[in-house]
Amino acid sequence: NDRFDSNKDDNDIAPFKNILNDMYAKDLSRKVKAAKRQRAKDGYYISAQPPYGYKPNPQNRNELIVDEEAAEVVRKIFELALSGYGAVKIAKALKAERIINPSAYKAKNGDTRFSRYNNNQNPEKIYEWCSATIQIIMQDRVYTGDMVNHKCEVVNYKTKERQNLPKEQYIIVQNTHEPLVSREDFEQVQNLIKSRPSPSVYQVENIFRGILVCSECGHNLSMAHRRDKRTYYRCMHHYRHPEECLNTHAVFYDDLYKAVLERIRNTAKLLQDDE
């Protein structure tokens with residue numbers, strides 16, 4: 001509209017117009033962010049995807065109402081969690097009862113963003129639950145009736161890149177919709193999750209975690225497996241920054257365990273001889 005032609009050098013005003021346009025875009029982005037943040041503080045539902053178990057109110061799209069069919073599954077997940085089931089075990093239980101997963105459920109209800117699940121060649125795929133999805137449901141405060149917004153934010157108005165925010169920066173408004181679980185049950189599930197140790201991917205217990213360091217660069221050594229199933233520790237900083245750490249400083253777990261055990265026994269014998 002400004003009749004700008006980059007092949008001609010008689011557009012002296014173009015750089016200044018570009019600066020003004022950029023300032024306008026930046027100011028507009030700042031105002032949009034402020035408006036969204038205020039809506040979040042007012043307890044409005046402003047996300048693109050409603051949480052599994054809820055749906056937008058047809059009379060007011062800024063409110064969440066209970067989706068009874070999915071809500072029963074959410075309640076079942078929390079019941080199983082309270083009875084001592086972990087996320088993996090809950091996923092297997094839901095699959096055994098042939099309950100379709102959230103993505104397939106949304107596709108069944110006409111959400112075109114998940115339409116690929118209706119065309120899946122493997123009909124059993126819709127009954128497979130991911131344990132990570134179970135974890136997200138069990139730790140989502142929205143099921144207590146609280147609206148949780150401002151979980152992520154656009155970093156730059158030019159690139160539109162989004163970044164996840166720490167929980168301390170979430171905007172939470174209590175009692176905005178009907179809860180699916182009580183606050184007491186939700187807190188109990190959180191305590192069970194914290195008390196449950198993470199399953200180890202190794203055949204041996206990582207008893208030297210956080211103790212072993214590289215003698216060259218000082219970074220912690222990481223546990224790994226060889227193809228012959230032998231466990232060992234190595235310096236990963238060597239692989240990431242070989243110019244800073246020239247060697248892997250690897251040591252086999254068995255050799256290290258025997259050496260430490262022998263040192264402990266010798267020290268114990270010295271203490272026993274000289275009480």
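Since the structure is predicted, the reported quantities are computational estimates derived from the model, not experimental observations.

Rules and cut-offs
Residues numbered from 1 in each chain as written. Predicted model: local features only at pLDDT ≥ 70, side-chain atom pairs only at ≥ 80, totals over all residues. Heavy atoms only, no water. Helix = DSSP H or I, 4+ residues; strand = E, 2+ residues; numbered from the N terminus. Rg over C-alpha atoms; globule rule 2.2 N^0.38 Å. Buried < 20%, exposed > 50% of the residue type's maximum accessible area, 1.4 Å probe, protein only. Contact = heavy atoms within 4.5 Å. Lys, Arg positive; Asp, Glu negative; His and termini not counted. Charge placed at Lys NZ, Arg CZ, Asp CG, Glu CD. Pairing = 2+ DSSP bridges. Salt bridge = Lys/Arg side-chain N within 4 Å of Asp/Glu carboxyl O. Polar contact = N/O pair within 3.5 Å; in protein donor to acceptor, adjacent residues only side chain to side chain. Arc of directions from axis to C-beta. Phe/Tyr/Trp six-rings, centres within 6.5 Å; stacked < 30°, edge-to-face > 60°. Lys NZ or Arg CZ within 6 Å of the ring centre and 35° of its normal. Patch = residues over 30% accessible without salt bridge, like charges linked within 9 Å, V, L, I, M, F, W, Y side chains within 5 Å. Areas by Shrake-Rupley, 256 points an atom, 1.4 Å probe, with all protein chains shown as cover. Axes fitted to C-alpha atoms, helices over the stretch in contact; angles between N-to-C directions. Parallel < 35°, antiparallel > 145°, perpendicular 65-115°, else oblique. Nonpolar A, V, L, I, M, F, W, Y, C, P; charged D, E, K, R; others polar.

*Asks:* Help me understand the overall build of the protein chain, please; the structure alone is not making it clear to me.
*Replies:* A tally of helices and strands in the protein chain yields 8 helices and 9 strands. Computed over the C-alpha atoms, the radius of gyration of the protein chain is 28 Å, more than 25% above the 19 Å expected from 2.2 N^0.38 for a compact globule of 275 residues. With the C-alpha coordinates aligned to their principal axes, the bounding extent of the protein chain is approximately 90 × 65 × 45 Å. Out of the 275 residues belonging to the protein chain, those deemed buried represent 31%. Excluding contacts between residues fewer than 6 apart, the proportion of contacts in the protein chain whose partners are at least 24 apart in sequence is 53%. Across the protein chain, the 44 positively charged side chains and the 38 negatively charged ones have centroids separated by 3 Å.

*Asks:* Even after reading the chapter, I still don't get the sheet that holds strand 7 (residues 222-225), so can you show me in this structure?
*Replies:* Strand-to-strand pairing in sheets goes through backbone hydrogen bonds, with the strands running parallel or antiparallel. Ordered by their spatial adjacency, 3 strands build an open sheet running 7-8-9, and the pairing between neighbours is antiparallel. Only two strands of the sheet have a single partner each, and these edge strands are strand 7 and strand 9 (251-252). Where strand 7 lies against strand 8 (residues 231-234), 4 bridges are found, and the strand directions are antiparallel. The residue of strand 8 that forms the bridge with Ser 222 is Arg 234.

*Asks:* For this particular structure, what's the right way to read the pattern of salt bridges?
*Replies:* Side-chain pairs of opposite charge can arise whenever the charged atoms involved come near each other. On inspection of all chains with the given rule, the structure shows 14 salt bridges. A salt bridge links Arg 37 to Glu 153; the nearest nitrogen and oxygen atoms lie 2.2 Å apart. On the criterion of sequence distance, the pair formed by Arg 37 in helix 1 (residues 14-41) and Glu 153 in strand 4 (residues 152-154) is long-range, its members being 116 residues apart. Residue class for Arg 37 comes out partly exposed when judged on its relative accessible area of 32%. Between Arg 75 and Glu 72 there is a salt bridge; the shortest N-O distance is 2.8 Å. A residue pair is termed a helical-turn pair when its members lie 3 or 4 positions apart in one helix, as Arg 75 and Glu 72 do in helix 2 (residues 68-82) at 3 residues. A residue is classified by how much of its surface remains accessible, and Glu 72, at 48% relative accessible area, is partly exposed. Connected via shared salt-bridge partners are Asp 27, Arg 30 and Lys 31.

*Asks:* What should I look at first to understand the side chain of Asn 206 in this one?
*Replies:* Considering the arrangement of structural elements, one finds Asn 206 in the loop between helix 6 (183-195) and strand 7. Judged by relative accessible area, which is 17%, Asn 206 ranks as buried. Here the side chain of Asn 206 touches Tyr 233 through a polar contact of 2.5 Å, side chain to side chain. Excluding residues within four positions of it along the chain, Asn 206 makes contact with Met 223 and Tyr 233.

*Asks:* I tried to follow helix 3 (residues 87-96) on my own but got confused; where do I start?
*Replies:* Since the α-helix advances by 3.6 residues per turn, residues separated by three or four positions end up pointing in the same direction. Every buried residue of helix 3 is listed here: Ala 87, Ile 90, Ala 91, Ala 93 and Leu 94. Down the axis of helix 3, the sector holding all buried residues measures 165°, keeping them to one side. Across from the buried face of helix 3, at angles greater than 90 degrees, the exposed residues are Lys 92 and Ala 96. Taken together, the buried residues of helix 3 touch helix 2 and helix 5 (131-138). Looking one or two residues past helix 3, Arg 98 carries a phi angle of roughly 55°, positive in sign.

*Asks:* I keep staring at the packing of aromatic side chains and nothing clicks. Help me out?
*Replies:* For any pair of aromatic rings, geometry is given as the distance between the ring centres together with the angle between the planes. Throughout the structure, instances matching the rule amount to 9 aromatic pairs. Between Tyr 54 and Tyr 143 the ring centres are 6.0 Å apart and the planes differ by 20°, which places this aromatic pair in the stacked class. Within this pair, whereas Tyr 54 is found in strand 1 (residues 54-57), its partner Tyr 143 is found in the loop between helix 5 and strand 3 (147-149), the two being separated by 89 residues in sequence. Judged on exposure class, the residue Tyr 54 and its partner Tyr 143 are both buried. The rings of Tyr 54, Phe 78, Tyr 143 and Phe 186 are connected pair by pair, giving a single aromatic cluster. The ring of Tyr 127 carries the charged tip of Arg 98 above its face, separated from the ring centre by 4.1 Å.

*Asks:* How should a nonpolar patch on the surface be read in this particular structure?
*Replies:* Taken together, the side chains of Ile 13, Phe 16, Ile 19, Leu 20 and Met 23 make up a nonpolar region of the molecular surface, amounting to roughly 550 Å² of accessible area. Tracing the chain through its elements places Ile 19 in helix 1.

*Asks:* What is the right way to look at the packing of helix 2 against helix 5 in this model?
*Replies:* In a packed pair of helices, the relevant descriptors are the angle between the two axes and the axis-to-axis distance. It is the contact of helix 2 with helix 5, at a shortest axis distance of 10 Å, that shows an interaxial angle of 90°. On the basis of their axis angle, the class for helix 2 and helix 5 is roughly perpendicular. Contacts between helix 2 and helix 5 pair Val 74, Ile 77, Phe 78 and Ala 81 from the former with Ile 134, Ile 137 and Met 138 from the latter. A breakdown of the residues in the contact of helix 2 with helix 5 according to their chemical character gives 7 nonpolar, no polar and no charged.

Keep in mind these values describe shape, not function.
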